[in-house]
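Observations on the model geometry
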Amino acid sequence: MGTRGGGLYVGRRAAAVGAALLLALLVALLALAALYGRCRQKAATQPLSPRAPGPAAPPPPAPAASSVRRLPRHLLPLHYDLELWPRVRPGQAGPFAFTGQVNITVRCLQDTDAAVLHSAGLRSRGAAAVRGPLSEPGAAVEVAGLRQEEAGEVAVLELRGRLRAGRRYVLQLGFQGRLEEDLDGLFLTRYTDRGQSSMLIASQMEPTYARRVYPCFDEPAMKATFNIRIIHDPSYVALSNMPAIDVCEVKDENGSLWTVTTFNTSLKMSTYLNAFVICDFDYITRTERGNEIRIWARKEAIKNGYVDYALNITGPIFSFLEDILNVSYPLPKTDLVALPDFGAGGMENWGLMIFQEASLMNLPSDEFTSRKAMIALIVSHELGHQWFGNLVTMNWWNDLWLNEGLASYFEYLGATFVEPKLSLDKIFYAHVLQPVLREDSEIARSLSESEDKIKGSFSLMSLFDNITYSKGASITWMLSGFLTEKLFIRALTSYLKEFSFSNANQDDLWTHIQMVVDAQDEVQLPAPVKQIMDSWTCQNGFPVLTLNLTSGTIRQEQFFNKNNRKSTDSYNNTWIIPISWMRNGSSQPLTWLDKSSKMFPEMRVSESDYDWILLNVNLSGYYRVNYDQLNLKRLARLLENDPKAIPAVSRFQLIDDVFALTDFGYVPIETALELTKYLAREDELFIWNVVLLNLIPENLESTLKNHEVYPLLKKYLLKRMLPIYHYYAGFIRQNADALEDDYFAQVYLEKLLATACWLGLQDCLDLSSELYAKWRDNPEYKIPFLIRRTVCCYGVAVGSDKEWNFAWEMYNHTDSVEEDEDILLYAMSCAKESWLLYRYLQYGLSDTLFSSNCTSVIISHVMTKDIGHHIAWEFVTENWPLLSQGCRFFIMLLWKRMRERLLLCYWNLQNLKILKGENY
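Quick caveat: nothing in here was measured; it's all calculated off a predicted structure. Per chain, residues are indexed from 1 in the order of the written sequence. The predicted nature of this model means local features are confined to residues of pLDDT at least 70 and side-chain atom pairs, given and counted, to a pLDDT of 80 or more, with totals for whole chains, interfaces and linings taken over all residues. No hydrogens and no water enter the side-chain calculation; it runs on all heavy atoms of the structure.

Here we look at the overall build of the protein
Applicable threshold: Secondary structure counts use DSSP, requiring at least four H or I residues in a row for a helix and at least two E residues in a row for a strand, with both numbered from the N terminus. Note on classification: 1.4 Å probe, protein chains only; a residue is buried when its accessible area is under 20% of the maximum for its type, exposed when over 50%, partly exposed between these limits. Contacts were defined at the residue level, with two residues in contact if any of their heavy atoms lie within 4.5 Å.
Helices and strands together make up the secondary structure of the protein, namely 28 helices and 30 strands. Classification of the 920 residues of the protein by burial places 59% in the buried group. Sequence separation of at least 24 residues holds for 74% of the intrachain contacts in the protein that already meet a minimum separation of 6.

Next up, the structure:
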C-alpha cells in the first residue's frame, strides 16, 4: 500500500490538543498520536505473519497480451479434436518444442470469406484446410492463405470461397511451438524427487494462454467440447480434463517409440479450462459419490503422506458444495496435481486442478490448524470454481468477479465445514474484508468493469487482484446477509441450473435473485436487486456512514483520503446500504439508507451515558462507520467496563474503522487511541493484531526507537499488552502444543511476541533467550514454529557472538529446511554488535550465498535494523562494483530504500523538534 499523506497534519493537530490538556494519561495518548502520525506513513496494512493464509490471493501478474482483441462473431466453435506432442525425453537437454494438430468443428453464423481465431507464438505446420459444409460429404473450401497477426494474437484463414450461415465446417490446422519454462501456456518445469533431477510438462491457460498452445477461439463464452490426445514419452503418464480411455504406442519418423493417451470427450467448456500434465508422479486416491479423486505429487511426497490431508478434505468439500447448491458435480473424476513450481496457488481446470505443491502439502505430524486451514481454503476455493467458473462461466472478463468473488466466498464456507475449529466470521473479516477495505479506498476501479473497456488495450491480469477476489467475496457476504442465506442459496441454485455449460453476466445473477425475492414476502427490499447491487459493483470505492445521535441522522459519502484530495476530485457516488444495528446490546431490525442523508428517529439517544448505538453489526456490510463524539465516548466507556457487551467482530471493526478514519483525515488520532484504552481486558488475538497493525511500524527495528516517543509508547502499550502476553507466554513455557487448535495464535501470536520484545518487556526477552539456549544445548529441540522467528531474532539479539555463531552453523546445516533457513537469515541480522553485522554482510559475499541471491536478502535484513542501516549503507557503497554485477536490480531497490530510510530519519528528527516546540 502506498505512502500515507496525512502524518504530519495529524501530529500538529494532536499537539494543539495536547497543549490544552493536563491529565497524564492524555499526555501519553497525545505522544502516541505523534508516533502514529510519523509512523503511519510506513505502517503495514497486512498481518506480519508468514503463516497467514492467502488462499484467495490472485496469481502474480504475468505479461499479458498488449491488446485483448475480440473475435468476429461469424463462427461459433462446437468441438475440438486436439492432438499435442511435446518432444521431450527424460534427461534430454533443451531447447524443447511441441507439435500438434487441431480440427475445430464450427457453425457459421454469418457469411464470411475468412476464419479468424486466436493464435500466439505458434507457427503453422503443414497446410491448413477447411472441410465442409459437413452436410455435403467430401465438400471443402479452398484456403488462399494463413496470415498471423502477432499484435492481435490472431490467425486469419483467408478463403477462396465463402462459409455460409447455418452450415457447419471443420477448420484443420497443424502447429508447432516452443516449450518454455515460463509457467504459462504449455510449459516445462524441473524439480528433484528422491535425489534425482526430473522434468514435467504442465499447462496454465487462464486468462488467454490457450492460444499459445493451439489455435482456438480463446474467449470464455466460446465454449465447446474437446477430444484430446497426447503423445508423450512412455516413462511419463499423461493427464487431462477427462479420464483416459485408451493408451497405445506409436513410432515417430526415426522409429522411436512414444505413448499415445486418448481421453474421453469433455463437457462443454471454455478454452482457458483446458489442462494437460505429463509427469512421472505417483498418486493417492479415494472415491466420493462416484467421483474418483486422485492427488498426484512427487513420489517422495506421496510416500511420506504429505498430501494425505488434502485428499481427506477434498471429497467432503465436494459433497458439501453439492448439497448446499443442490447441483451435482458433472464429471466422473477429479485430479489434483501438486507441481513443485507453479505460478499461482491453484488453478481450477475442470477435472484437472493444478496447484503449487506448497498449497497441498503438510507433514502428517503437523497438527497446527493454520497450516491445515491454508490448504483447506485453497482447495475449497478451486472446488468452488467447479460450479462458479466451470459450470457457469462469466460471459466476458469484465465480470470476472462472478468466478473469483463467488469462489472466494464459498472457499470460507467449505474450509470451515471441514475444519470446524475455525471461526467463519472472524477468519473472513480478518483475512478478506478488513484488508480489501484498506485497499479499495485507493484503487480507482469498480468490481464490474464495462465490457468495452476490456476490449481495448487492457491487461487482463490486472483484473486478478484483491478487488475481484476479496471485494467480490465481501459483496457476496453482504448480499447473503440481507437476503438471508436460504434465499441467496435458492437464487444461486436457480442461476446455476439455468446457465449450466453456458455463460452469464452479473445482470443474469441479479435476475435470478429478483425472481426468488419476488416469490416470497419475508424479505422486503427498498429497491430492485439490480439497482441495489449495481451501486456496489459498478462504482469504485465504498461509503462511510456518519451518524449523528442527537438528530438520528445518517449521512453517506464515498470514503476517500481527505488529506490527499485535490480540488478537481469528484466523490459523488451513493449506495443503497443495508444497515444492521444494535441499541444497548439489543439487535434491531435491518434498515436501509437509500439516499445521501436520512433521518432515523429510532436512532436518537437519550442523555444517559448507557444509551449507545452500534452500526454495521458484525461487519455485515461493506462500509465504514464514523460516529459522533458522543457515541464514541459512550462506546469507549462501555469497552472499559464490559468489552464483551460488544461482539468480538464489532470490536475488531470499531478499532479498524476509527484508525482508518484517522488515517484519512476524518477524526483526530486521540479518538482512535481513546478506543484502545480498554485493551488490558481484550483477550482476542485477531483484535490485538488489528491494533498492532495500526499502532506499530511494519519494521519494529525502526529509527523511532531512538526518539523520545518510544518510552511513551512502551509505557502505554505494554501496560495493556501484559495480560494477553502472560496468558500466551504461559502456554509457550508449559505446553505450546496446546495451541495447535488456536488458529489465531498460530497466525498472530508472533506479532504480539515480537512487539513485546521490541518494547523491551524483560519477560519476553528472557523467554526468547531461554528457548534459544534450549535449542543451542540440544539441536534436536524444536522451538515452537509459531514464534520461531521472534525467538531466534531475540535469542541472537540478547546473546553474544556464541549465539550468532550457532545460528550461522545451523543455517549451513545440510538438513535445514528452506523455511528455517529464511528464519535464520533474518535472525542473524538481529545482532546488537556492529562487528557481527559487518561480518555477516561480508559472509554474504561468499560464492554460495552470492550466487543464490541471499546477499540481497542479508543486506535488506541488516538495513532494517536500528544499528544496521548505517552499516548496510557503508557496505553497499564500498562493495558496489561487485554487488552491481551480481544482483543489480535488487541492490538498486535496496539502495533506494536506504536513502529513503536516512531521509525518513532526518524527517522524524525535524518533526520531534516541532513537537517539542509545541509542548507535546
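Things to note about the pairing of strand E3 (residues 112-118)
As a reminder of what qualifies: Each pair of strands is called paired provided DSSP finds at least two bridges between the two strands.
Across the 7 residues that make up E3, a large majority, 6, are buried. Bridging between E3 and strand E8 (residues 154-163) involves 6 bridges; their strand directions are antiparallel. Residue Ala-114 lies in a different strand from E8, and its bridge partner there is Glu-158.

Examining the pattern of salt bridges
As a reminder of what qualifies: In the sections that follow, a salt bridge refers to a side-chain nitrogen of Lys or Arg positioned within 4 Å of a carboxyl oxygen of Asp or Glu.
In this structure the tally under the stated criterion is 45 salt bridges. Two residues, Arg-147 and Glu-158, come together in a salt bridge whose shortest N-O distance is 2.1 Å. Of this pair, Arg-147 sits in strand E7 (residues 143-149) while Glu-158 sits in strand E8, placing them 11 residues apart in sequence. Its relative accessible area of 34% is what places Arg-147 among the partly exposed residues. Taking relative accessible area as the criterion, Glu-158 reaches 32% and is therefore assigned partly exposed.

Concerning the nonpolar core
Rules: Buried Ala, Val, Leu, Ile, Met, Phe, Trp, Tyr and Cys residues form a nonpolar core when they are joined through side-chain atoms within 4.5 Å.
Counting 301 residues, the largest nonpolar core has Tyr-214, Phe-217, Trp-387, Trp-397, Phe-410 and Leu-615 as the members making the most contacts within it. By residue number, the principal contributor to this core is helix H18 (residues 743-758), which donates 11 residues. Setting aside residues no more than four positions away along its own chain, Leu-615 makes contact with Leu-547, Ile-554, Ile-579, Ser-580, Trp-581, Met-603, Val-625, Tyr-627 and Gln-653.

Section: the state of the cysteines
Rules: Defined by distance alone, a disulfide is two cysteine sulfur atoms within 2.5 Å.
Per the stated rule, a full pass over the model turns up 2 disulfides. Here Cys-757 pairs with Cys-764 through a disulfide, and the sulfurs are 2.0 Å apart. Judged by the sign of its S-S torsion, about -90°, the cystine formed by Cys-757 and Cys-764 is left-handed. Relative accessible area serves as the criterion here: at 3%, Cys-757 is assigned to the buried category. By relative accessible area, Cys-764 is classed as buried at 0%. Across a sulfur-sulfur distance of 2.1 Å, Cys-793 and Cys-830 are joined as a disulfide pair. Disulfide Cys-793-Cys-830: torsion about the S-S bond near -105°, hence left-handed. Here Cys-793, found in helix H20 (residues 788-797), pairs with Cys-830, found in the loop between helix H22 (818-827) and helix H23 (834-843); they are 37 residues apart in sequence, far enough to count as distant. Grouping residues by exposure puts Cys-793 and Cys-830 together as buried. If the cysteines joined by disulfides in the protein are listed in sequence order, their pairing comes out as 1-2, 3-4.

Some thoughts on helix H6 (residues 401-418)
The line we're drawing: Each residue after the first adds 1.5 Å to the expected span of a helix.
Under the 1.5 Å per step criterion, the end-to-end length of H6 is 25 Å for 18 residues, consistent within 8% with the ideal 26 Å. With 17 of its 18 residues buried, H6 lies for the most part within the structure.

As for the sheet that holds strand E27 (residues 586-593)
Stated formally: Here an axis means a line fitted to C-alpha atoms, over the contact stretch when the element is a helix, while the angle between two N-to-C directions is reported on a 0 to 180 degree scale.
Pairing is antiparallel in the open sheet, where 3 strands are placed in the order E27-E26-E29. Two strands close off the open sheet at either side, each with one partner strand: E27 and strand E29 (613-615). With strand direction ignored, the average angle separating the axes of adjacent strands in the sheet is 25°. Relative to E27, strand E26 (residues 577-583) runs antiparallel, the two sharing 6 bridges. By the bridge assignment, Ile-577 is partnered in E27 with Leu-593.

Thoughts on the environment of Glu-770
Examined against the element boundaries, Glu-770 turns out to sit in helix H19 (residues 762-777). With 25 residues separating them in the primary sequence, Glu-770 and Gly-795 have C-alpha atoms 7.9 Å apart.

Some remarks on the packing of aromatic side chains
Counted only if it meets this: In this analysis, rings of Phe, Tyr and Trp, with Trp reduced to its six-membered ring, are considered paired at centre separations within 6.5 Å, and the interplanar angle assigns stacked below 30 degrees, edge-to-face beyond 60, and tilted for intermediate values. Definition used: whenever NZ (Lys) or CZ (Arg) falls within 6 Å of the ring centre and also within 35 degrees of the ring normal, the charge is taken to sit over that ring.
Evaluated as defined, the whole model comprises 46 aromatic pairs. A centroid spacing of 6.4 Å and a plane angle of 65° characterise the contact between Phe-560 and Tyr-666, whose relative ring orientation is edge-to-face. With Phe-560 in the loop between strand E25 (553-558) and E26 and Tyr-666 in the loop between helix H14 (648-663) and helix H15 (669-674), this pair connects stretches of sequence that are 106 residues apart. Seen in terms of ring centroids, Trp-804 and Trp-808 are 6.0 Å apart; in terms of plane orientation they differ by 15°. Their pairing is stacked. Remark: Trp-808 and Trp-804 occur in helix H21 (residues 801-811); sequence separation between them is 4 residues, near one turn of the helix. In this pair, the class of Trp-804 matches that of Trp-808, namely buried. Three or more aromatic residues link up through ring pairs in this structure, and these residues are Phe-388, Tyr-409, Phe-410, Tyr-412, Phe-428, Tyr-429, Trp-477 and Phe-488. The side chain of Arg-87 reaches across the aromatic face of Trp-85, ending 3.6 Å from its centre.

Some points on the confidence of the model for the protein
What counts is decided by this rule: pLDDT measures how confident the predictor is about each residue, on a scale from 0 to 100.
The predicted model of the protein has a mean per-residue pLDDT of 86, with 85% of residues at 70 or higher. For the stretch residues 1-66, pLDDT sits under 50, and the model shows 161 contacts to residues farther than four places along the chain or on other chains. In the predicted structure, residues 903-920 sits below a pLDDT of 50 and forms 32 contacts with residues beyond four places in sequence or in another chain.

Comments concerning the environment of Asp-465
This is how it is decided: Throughout this description, a polar contact denotes any pair of N or O atoms lying within 3.5 Å of each other; where both atoms belong to protein, one of them has to be capable of donating a hydrogen while the other can accept it, and for residues adjacent in sequence the pair is counted only when both atoms sit in side chains.
The buried category is assigned to Asp-465, whose relative accessible area is 16%. A C-alpha to C-alpha distance of 9.7 Å links Asp-465 and Glu-404, two positions 61 residues apart in sequence. Here the side chain of Asp-465 touches Arg-445 through a polar contact of 2.7 Å, side chain to side chain. Reaching out from Asp-465, the side chain makes a polar contact with the backbone nitrogen of Ile-467 at a distance of 3.2 Å.

Observations regarding the packing of H18 against H19
Filter applied, for reference: Orientation is classified from the angle alone, with under 35 degrees giving roughly parallel, over 145 giving roughly antiparallel, 65 to 115 giving roughly perpendicular, and any other angle giving oblique. Whether a crossing is left-handed or right-handed is set by the direction in which the near helix is turned from the far one by less than a right angle, anticlockwise for left-handed and clockwise for right-handed. Under the scheme applied here, ten amino acids are nonpolar (Ala, Val, Leu, Ile, Met, Phe, Trp, Tyr, Cys and Pro), four are charged (Asp, Glu, Lys and Arg), and all others, including Gly, are polar.
Relative orientation of the contacting elements H18 and H19 amounts to 115°, with a least axis distance of 7 Å. When the axis of H18 is compared with that of H19, the two are roughly perpendicular. When you trace H18 past H19, the crossing you get is left-handed. In contact with Leu-753, Ala-756 and Cys-757 of H18, H19 contributes Cys-764, Leu-765, Leu-767 and Ser-768. The class makeup of the residues in the contact of H18 with H19 is 6 nonpolar, 1 polar and no charged.

Regarding the sheet that holds strand E11 (residues 196-204)
Pairing within the open sheet is antiparallel, and its 4 strands lie in the order E10-E11-E16-E13. Of all strands in the sheet, those with a lone pairing partner are strand E10 (185-193) and strand E13 (237-240), marking the two edges. Each adjacent strand pair in this sheet contributes to an overall mean axis angle of 15°, direction not counted. In this sheet, strand E16 (residues 276-279) lies alongside E11 in antiparallel orientation, the contact comprising 2 bridges. Across the sheet, Ala-202 pairs through a bridge with Val-277, a residue of E16.

Focus: the pairing of strand E21 (residues 352-356)
Across the 5 residues that make up E21, a large majority, 5, are buried. Judged by which residues are buried, E21 turns out to be covered on both faces: Leu-352, Ile-354 and Gln-356 on one side and Met-353 and Phe-355 on the other are all buried. As paired elements, strand E20 (residues 346-347) and E21 share 2 bridges and run antiparallel to each other. The partner of Met-347 across the bridge, within E21, is Ile-354. Between the end of E20 and the start of E21, which pair antiparallel, lie 4 residues, with Gly-351 showing a positive phi angle near 85°.

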